[in-house]
Amino acid sequence: DVGEWFKFRVHYGMINAGFATLEVKEATVKGKTIFHAIGHGYNTGMSKMFFPVQDNYESYFDKLTSKPYQYVRKINEGGYTKNEEGFFNQETNKILVKDYKNNTEKSFSVSENVQDIVSTFYFLRNHPAVDTIKPNEYIAVDMFFDNEITKFKLKFIGRQDIETKFGTVPCMVFRP
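No experiment lies behind these values; they were computed from the predicted model shown. (Residues numbered from 1 in each chain as written. Predicted model: local features only at pLDDT ≥ 70, side-chain atom pairs only at ≥ 80, totals over all residues. Heavy atoms only, no water.)

Our focus in this paragraph is the sheet that holds strand S5 (residues 68–77). Reading across from one edge, S1-S2-S3-S4-S5-S6-S7-S8 is the order of the eight strands in this open sheet, with antiparallel pairing throughout. Each edge of the open sheet carries a strand with a single partner, namely strand S1 (5–12) and strand S8 (104–109). In this sheet, adjacent strand axes meet at a mean angle of 15° when their direction is disregarded. By the bridge criterion, six bridges tie strand S7 (residues 94–99) to S8 in an arrangement that is antiparallel. Counted as the bridge partner of Asp99 is Thr104 from S8. Together, S1, strand S2 (15–29), strand S3 (32–43), strand S4 (53–61) and S5 form the strand contacts of helix H2 (residues 117–125), whose direction differs from that of S4 by roughly 60°. (Pairing = 2+ DSSP bridges. Helix = DSSP H or I, 4+ residues; strand = E, 2+ residues; numbered from the N terminus. Axes fitted to C-alpha atoms, helices over the stretch in contact; angles between N-to-C directions. Contact = heavy atoms within 4.5 Å.)

The following block contains the structure:
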């Protein structure tokens with residue numbers, strides 16, 4: 001819901017490599033109030049000196065259906081950059097990708113209910129099957145990324161209780 005905020009620590013063994021955040025806000029598209037999820041990833045410490053990472057991903061998606069309207073991808077990963085926006089047309093199952101770095105536009109045919117990379121996170125988290133999924137079953141989704149559709153699967157491993165500073169938290173364990 002609006003105001004939700006996550007912070008993830010990215011690490012290699014005991015070494016902190018960086019952080020990623022996800023935040024949910026509201027936006028209005030064509031008079032309709034929708035979710036605006038903003039993801040930001042960056043590295044820290046020594047890795048920042050050798051391979052600086054500054055990634056920004058945004059998604060605008062429907063509050064009820066989770067269907068995306070637009071995504072933003074502006075990244076710099078050690079000099080590899082992208083600066084693009086995608087505009088979904090749910091009625092025609094097309095997406096218009098505007099590449100600002102190369103000053104190009106291209107339209108792609110996509111499957112019904114396709115997600116962008118950020119909306120996929122929320123789509124899967126709120127998927128109706130999450131409440132009844134059994135170990136070794138998976139939820140599949142078509143995800144549009146890098147100008148193509150990827151068949152993304154999220155496998156349910158099982159349930160586990162995690163000890164935190166807030167007490168024991170029952171969790172569901174998934175593997176992409």
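With that settled, the discussion passes to the packing of aromatic side chains. The tally for this structure, following the rule as stated, stands at eleven aromatic pairs. Ring centres of Phe19 and Tyr42 lie 6.1 Å apart, and the angle between their planes is 35°; on these two criteria the pair is classed as tilted. Of this pair, Phe19 sits in strand S2 while Tyr42 sits in strand S3, and the two are 23 residues apart along the sequence. Assessed through its relative accessible area of 24%, Tyr42 is described here as partly exposed. With a centroid separation of 5.5 Å and an interplanar angle of 25°, the aromatic rings of Phe61 and Tyr122 are classed as stacked. (Phe/Tyr/Trp six-rings, centres within 6.5 Å; stacked < 30°, edge-to-face > 60°. Buried < 20%, exposed > 50% of the residue type's maximum accessible area, 1.4 Å probe, protein only.)

A separate point is the environment of Lys48. In this structure, Lys48 sits in helix H1 (residues 45–50). Taking C-alpha positions, Lys48 is 8.2 Å from Ala17, a pair spaced 31 residues apart along the chain.

Bringing the nonpolar core into the picture now. Counting nine residues, the largest nonpolar core is built from Leu22, Val24, Phe35, Ala37, Tyr57, Phe61, Ile75, Val118 and Tyr122. Among all residues touching Ala37, those that are not within four sequence positions of it are Glu23, Val24, Tyr57, Glu58, Ser59, Phe61, Val118 and Tyr122. (Core = buried A, V, L, I, M, F, W, Y, C linked by side-chain atoms within 4.5 Å.)

Here the focus is the sheet that holds strand S11 (residues 167–175). As summarised here, the arrangement of the three strands in space is S9-S10-S11, forming an open sheet in which the pairing is antiparallel. At either end of the open sheet lies a strand with only one pairing partner, and these are strand S9 (138–145) and S11. Going across the sheet, the axis of each strand differs from the next one's by a mean of 40°, ignoring polarity. Lying on the sheet, H2 is in contact with S9 and strand S10 (148–164); it crosses S9 at an angle near 160°.

The calculated volume of the largest pocket comes to roughly 1,300 Å³. Taken together, 33 residues line the largest pocket, and the ones lying closest to its centre are Phe8, Ala20, Leu22, Ile117 and Phe121. Contributing elements (two or more residues each) for the lining of the largest pocket: S1, S2, S3, S4, H2, S10 and S11. In terms of residue class, the lining of the largest pocket is made up of 22 nonpolar, eight polar and three charged. One number sums up the size of the second largest pocket: a volume of about 280 Å³. (1 Å grid on protein atoms, 1.4 Å probe; cavity = no way out; pocket = protein on both sides within 12 Å on 5 of 7 lines; lining within 4 Å. Points joined across faces, edges and corners; volume = space filled by probe spheres on them. Nonpolar A, V, L, I, M, F, W, Y, C, P; charged D, E, K, R; others polar.)

Attention now moves to the side chain of Arg73. By secondary structure assignment, the location of Arg73 is in strand S5. In this structure the side chain of Arg73 is engaged in a polar contact, spanning 3.3 Å, whose partner is the side chain of Tyr57. Side chain to side chain, Arg73 and Asp146 meet in a polar contact 2.5 Å long. In this view, Arg73 contacts Asn56, Tyr57, Lys82, Asn83, Glu84, Phe145 and Asp146; residues no more than four positions away in its chain are not counted. (Polar contact = N/O pair within 3.5 Å; in protein donor to acceptor, adjacent residues only side chain to side chain.)

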